[in-house]
Amino acid sequence: MRTTYRMRAGRFLGVLAAGLILLGLAAILWAIGLPDAVVAVFLVLGGLVALLGLGILLRPPVLLKLGADQLEVRGVKTDWTDVTEVGRVETTHGEAVVLRTKHKDGSILIPVRWLAPGRDEQLAADLRERLNKAHGYTIWDGTAGENADRAE
């Protein structure tokens, strides 16, 4: 089973705003009587940027993919067995989920502010479950083992 976490769409509102500003500028240039070619350039450019902004808002970029065998954070793939610890740290850009790995280059940071609202708790539970599964851990349910299952 693969789970995908996308970036918060509000981070990309500026792209749509830039397109609308270019469209407004095209209207102003048309109103003051500049040549049609100049107005057309700003109109086409503004329309393309606004459409791109709408596309990004409707389907934000992927931040994190959690697969059965590996995870992918912003294009960097890592096996679950290489992840040694998951925690939260405070960075200069706010709180982040940190994945400490066995790799020489260190840790992978996932800024919490980049996630869609309410997805950080789901991410924490998902990471815990997949990390436990990768390392063969089970959560103790509070019951005793079978009588034949004696400790040595």
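Source: prediction; values computed, not measured.

What counts and what doesn't
Residues numbered from 1 in each chain as written. Predicted model: local features only at pLDDT ≥ 70, side-chain atom pairs only at ≥ 80, totals over all residues. Heavy atoms only, no water. Patch = residues over 30% accessible without salt bridge, like charges linked within 9 Å, V, L, I, M, F, W, Y side chains within 5 Å. Areas by Shrake-Rupley, 256 points an atom, 1.4 Å probe, with all protein chains shown as cover. Salt bridge = Lys/Arg side-chain N within 4 Å of Asp/Glu carboxyl O. Helix = DSSP H or I, 4+ residues; strand = E, 2+ residues; numbered from the N terminus. Pairing = 2+ DSSP bridges. Axes fitted to C-alpha atoms, helices over the stretch in contact; angles between N-to-C directions. Buried < 20%, exposed > 50% of the residue type's maximum accessible area, 1.4 Å probe, protein only.

J.: Break down a nonpolar patch on the surface for me, citing the residues and quoting the values.
T.: On the surface, L25, I28, I32, L34 and V38 cluster together to form a nonpolar patch covering roughly 410 Å² of accessible area. The topology assignment puts I28 in helix α1 (residues 13-31).

J.: Which residues make up the sheet that holds strand β2 (residues 62-66), and what values do they have?
T.: A sheet is described by the order of its strands in space; here 4 strands give the open sequence β1-β2-β3-β4, paired in antiparallel fashion. Only two strands of the sheet have a single neighbouring strand rather than two, namely β1 (3-6) and β4 (76-79). In this sheet, neighbouring strand axes are inclined to one another by 15° on average, regardless of whether the strands run parallel or antiparallel. Note that strand β3 (residues 70-73) and β4 share 4 bridges and pair antiparallel. Residue pairing in the sheet places Q70 in a bridge with D79 of β4.

J.: A description of the pairing of strand β6 (residues 94-101) should follow, citing residues and the corresponding values.
T.: Across the 8 residues of β6, 6 count as buried, placing the element largely inside the fold. Judged from the 5 bridges that link them, β6 and strand β7 (residues 107-111) form a sheet pairing that is antiparallel. Residue pairing for β7: V98 is matched across the bridge by L109. Adjacent in sequence and paired antiparallel, β6 and β7 are bridged by 5 residues, among which G106 carries a positive phi angle near 95°.

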